[in-house]
Amino acid sequence: MDIMIRKRDGHFEPLSVEKTKRMIAFACLGLDSCDPMELEMDSKLQFVDGMTTKQIQQTLIRTAIEKVIPSRHEGGGVPLQEMNPDWQFVAARLFLFDLYKEAAIQRRYKAFGYGNFSNLIHMLVDKKKYADFFVTDYTEDELQELGDYIKPKRDYLFNYEGLKLLADRYLVRGFNKEVYELPQERFMAIAMHLALVEGKNKVAYAKKFYDLMSELKMTTATPTLANAGTPFHQLSSCFVAGVDDNLWSIYDVNSKFSRVSKHGGALGIYLGKVRALNSDIRGFKNSSGGVIPWVRLYNDTAVAVDQLGRRKGGATVTLDIWHKDFYEFVELRTNNGDDRRKAHDIFPSISVPNLFMERLIKRENFTLFDPHEVNTVMGFALEDFYDTEEDKAFTEHYLACEKDSRLHGISVPALEMMKKIMKSAVETGTPFIFFRDTVNEANPNKHAGMIYASNLCHEIAQNVGFTNLKKEILEDDGTITTVTAPGDMVTCNLNSINLGKIDEDFLEEQIALQVRMLDNVITINQTPVPESRLTCDKYRAIGLGTSGYHHYLVKHGLRWESKEHIAAADALFEKIAYYAIKASMELSKEKGAYPAFKGSEWDTGKYFTRRGYTSEKWQRLAADVHKYGMRNGYLLAVAPTGSTSNIANTTAGIDPIFKKFFIEEKQGSFTPKTAPDLNPKTFWLYKEAHTIDQQWSIRANAARQRHIDQAQSFNLYITPRMKASEILNLYIEAYKQGIKTIYYVRNQSLEMDECTSCSS
């Protein structure tokens, strides 16, 4: 009697072992190190009557994944020659075949693989999964042409983890998670959406954008990956807003946070203007509860309004180090103290001026103030000033505050404050650090505002403003009109060059396309908050970054702890900066400069002289920028790219690898992972993060930072064996080297939450 197998559409047919053999052989095709017979034997498939084809497939996928890193241990570890990363690609193909079959059933086509793209477009528009512009702005002939351009074989570039992540989080599915869209169709849908603004050239640009994404030469921001082409296309990763010292502003930002989080964005909140604990309110002494209750408010919003159901909302709150609430704020996430004054889901950041670091180095005292009292007594807002080489405005105003006996400042040793920061960093990975003077001195748009804080992942450095209520008007028809004076609300529009896959001969062309894509994001983006739309239009700010940095070094035979690494970083990022600035200038010729360009350091040329760009080619570019303008007021920012680098099968952001190989456990499943392109040649070049002398990472960061107008999502890696003095020296060296921000301090014994919004 035949064993009957249940197919995906519900019908039964006799078991055909030959079909399974062919599928396994196809999955191993071209991967010479993976023997299909070995997979067949190791899977120990036991066919039973009524078994589903999906169960067979899942068994094979699990077996292939387990073969990446064998479970047997000899001498306490797995010998390198027994690992075979290629099994990740076999597992990916088996998983892919699963997707193909599910899509064929849901979309009712017979072919194995991809169906008709035009039919998919119409179906998903009808189901309200795609926006109408696919059928109103593209003709049937154009849909057919773009569908024919899709390259299904590029699906084989994915490893298992990357493909599963893309399929689970980002492919457009039905209400019950039915598979409709396949990986290459997701890339083409994004490309078509971003090409919409190119008019008669939209099909040509859609093909170019598609090639970049589908060949995994770049990664897009996760909101773009998830939302492009959908009816509500909020494509930005992060937003940054300032809070003024009044209830309306505090709750207005909370409302904005909820709208941002609802559509997949994270928020950076500057809280430095809010009065301190026991400050007066309307003339009543000791009335204020300080900043902590408001941080808890934002904490509750982060938990309540999640990001598209994928994870809880994310926010960082920044406070100046001289604020009187510093001590409570710096311990927000620690487990000691009154839990009613904690906020475990908010990421604290400390804004640090040069003056504090100078006094820390000299082991001098530093004074804490209440910003409300400073404003009332002195007539100025201390937080509105910063130091540059030419103008020490912050230091002058700060010293005036210290000398004025009317202020009730608290003088404490700067070292004691730093110990509090380090203690919290060792225990929780936070607070993040924002070197405010370094950031503002390098700001190319200081003529138009000031940078008070960064975003959640601390790679964005753009002007931040404060929206204020002017009046509320009760109209004759019973409606209420609220009139506000809007401030700059930063919007992060991100994507990243995959350094692990670049061909440097085509780097200029690739960067030009990515800058164009990001500029198009600004044009088509549905921002959730009106202020962010205004700010987007004012600066047209983008954040072109990189992923695969460690992957790049290894592929070029460079050790992390070497002078050659620093020299290579300097040369590579100067090249990236040159091509990006040139691309934005060329776009300005075509589409016009950003409105705030006049008077910027791009316009005056100071941007170039400040960075020592004196060669003939740089001088020519500076002259062209002055003449034609820049399309984008902010240009480069290196995001962490945690999840999207997994999709692209490369290393994350500018980070070194965490482990050469390991087994990751998520929701009860175990996935073996290896560093990209791990083999006997690259094995010794991949040095793991916690074994690297962090001084080399700081030097590399400084070499890159010279060429990056914004910042880098930069982590420090420490171990429980490090002395406090060693950790202190890392902070001091980072400051001395001109690093703008420090993201996590990653203790070897800690698990850190990653921001998927900022992944690009």
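Residues numbered from 1 in each chain as written. Predicted model: local features only at pLDDT ≥ 70, side-chain atom pairs only at ≥ 80, totals over all residues. Heavy atoms only, no water.

(A) Just the side chain of serine 118, in detail. Structurally, serine 118 is set in helix H5 (residues 117-126). Relative accessible area serves as the criterion here: at 5%, serine 118 is assigned to the buried category. Within the local environment of serine 118, its side chain forms a polar contact with the side chain of glutamate 140, the two groups lying 3.0 Å apart. Serine 118 has contacts with Glu140 and Leu143, leaving out every residue within four places of it along the chain. (Helix = DSSP H or I, 4+ residues; strand = E, 2+ residues; numbered from the N terminus. Buried < 20%, exposed > 50% of the residue type's maximum accessible area, 1.4 Å probe, protein only. Polar contact = N/O pair within 3.5 Å; in protein donor to acceptor, adjacent residues only side chain to side chain. Contact = heavy atoms within 4.5 Å.)

(B) Inspection of the nonpolar core at higher detail. Membership of the largest hydrophobic core comes to 124 residues, with the highest contact counts inside it found for Leu271, Tyr298, Phe356, Phe366, Ile581 and Tyr731. Tallying contributions element by element places helix H23 (residues 563-591) first for this core, with 14 residues. Two domains share this core, each providing at least three of its residues, namely domain 3 (236-482) and domain 4 (492-713). Among residues more than four places away in sequence, those in contact with phenylalanine 356 are Ile321, Phe366, Ala414, Met417 and Met418. Membership of the second largest hydrophobic core comes to 93 residues, among which are Val90, Tyr100, Phe158 and Leu182. (Core = buried A, V, L, I, M, F, W, Y, C linked by side-chain atoms within 4.5 Å. Domains from an automatic or database assignment.)

(C) The arrangement of the sheet that holds strand E4 (residues 238-242) in detail. A sheet is described by the order of its strands in space; here 7 strands give the open sequence E13-E4-E5-E6-E7-E10-E19, paired in mixed fashion. In the strand order of this sheet, the two ends are held by strand E13 (490-492) and strand E19 (741-742), each with one partner. When strand E5 (residues 266-270) meets strand E6 (residues 315-320), the two strands line up parallel, connected through 4 bridges. The residue of E6 that forms the bridge with leucine 267 is alanine 315. (Pairing = 2+ DSSP bridges.)

(D) Representation of the layout of surface pockets in the model. A volume near 830 Å³ is recorded for the second largest pocket. Looking at the lining of the second largest pocket, the elements that each hand over two or more residues are strand E2 (12-14), helix H1 (17-28), helix H3 (53-66) and helix H4 (87-107). Counted by class, the lining of the second largest pocket contains 13 nonpolar, 6 polar and 9 charged residues. (1 Å grid on protein atoms, 1.4 Å probe; cavity = no way out; pocket = protein on both sides within 12 Å on 5 of 7 lines; lining within 4 Å. Points joined across faces, edges and corners; volume = space filled by probe spheres on them. Nonpolar A, V, L, I, M, F, W, Y, C, P; charged D, E, K, R; others polar.)

(E) Expanded view of the environment of aspartate 155. Of note, aspartate 155 is situated in the loop between helix H7 (140-149) and helix H8 (160-169). Overall, the relative accessible area of 2% leaves aspartate 155 in the buried class. Remark: the alpha-carbon pair of aspartate 155 and glutamine 184, spanning 29 residues in sequence, is separated by 7.0 Å. Sequence-distant contacts of aspartate 155, defined by excluding residues within four places in its chain, comprise Leu96, Tyr100, Tyr114, Pro183 and Gln184. Engagement of the side chain of aspartate 155 in a polar contact is seen with the side chain of tyrosine 100, the distance being 2.7 Å.

(F) Examining the pattern of salt bridges more closely. Taken as a whole and judged by the stated rule, the model has 46 salt bridges. One salt bridge in this structure joins arginine 275 and aspartate 245, with 2.9 Å as the shortest N-O distance. Pair noted here: arginine 275 is in the loop between E5 and helix H13 (292-304) and aspartate 245 is in the loop between E4 and helix H12 (247-262), with a separation of 30 residues, a long-range link. Salt-bridge contacts for arginine 436 lead to aspartate 320; the nearest nitrogen and oxygen are separated by 3.5 Å. Residue arginine 436 is found in helix H19 (residues 436-441), and its partner aspartate 320 is found in strand E6; the two are separated by 116 residues along the sequence. (Salt bridge = Lys/Arg side-chain N within 4 Å of Asp/Glu carboxyl O.)

(G) Just the domain arrangement of the chain, in detail. Assigned domains within the chain: domain 1 (1-70 + 77-112), domain 2 (113-214), domain 3 (236-482) and domain 4 (492-713). The straight-line distance from the C-alpha centre of domain 2 to that of domain 3 is 42 Å.

(H) Structural detail: the packing of aromatic side chains. Under the counting rule described, the total for this entry stands at 39 aromatic pairs. Ring plane angle 85° and centroid distance 5.1 Å describe the contact between tyrosine 578 and tryptophan 618, whose orientation is recorded as edge-to-face. Taken together, the residues tyrosine 578 in helix H23 and tryptophan 618 in helix H26 (residues 616-628) connect sequence positions 40 residues apart. Each of the two residues, tyrosine 578 as well as tryptophan 618, counts as buried. Centroid distance tyrosine 613 to tryptophan 618: 3.7 Å. Interplanar angle 5°. Geometry classified as stacked. (Phe/Tyr/Trp six-rings, centres within 6.5 Å; stacked < 30°, edge-to-face > 60°.)

(I) Expanded view of helix H28 (residues 694-705). Taking 1.5 Å per residue as the helical rise, H28 with its 12 residues ought to reach 16 Å, and the 16 Å between its terminal C-alpha atoms agrees with that figure. Of all 12 residues in H28, 11 are buried; the element is thus mostly enclosed. Buried within H28 are the following residues: Gln694, Gln695, Trp696, Ser697, Ile698, Ala700, Asn701, Ala702, Ala703, Arg704 and Gln705. N-cap assignment for H28: the residue whose side-chain oxygen lies 3.0 Å from the backbone N of glutamine 695 is aspartate 693. (Expected span 1.5 Å × (residues − 1).)

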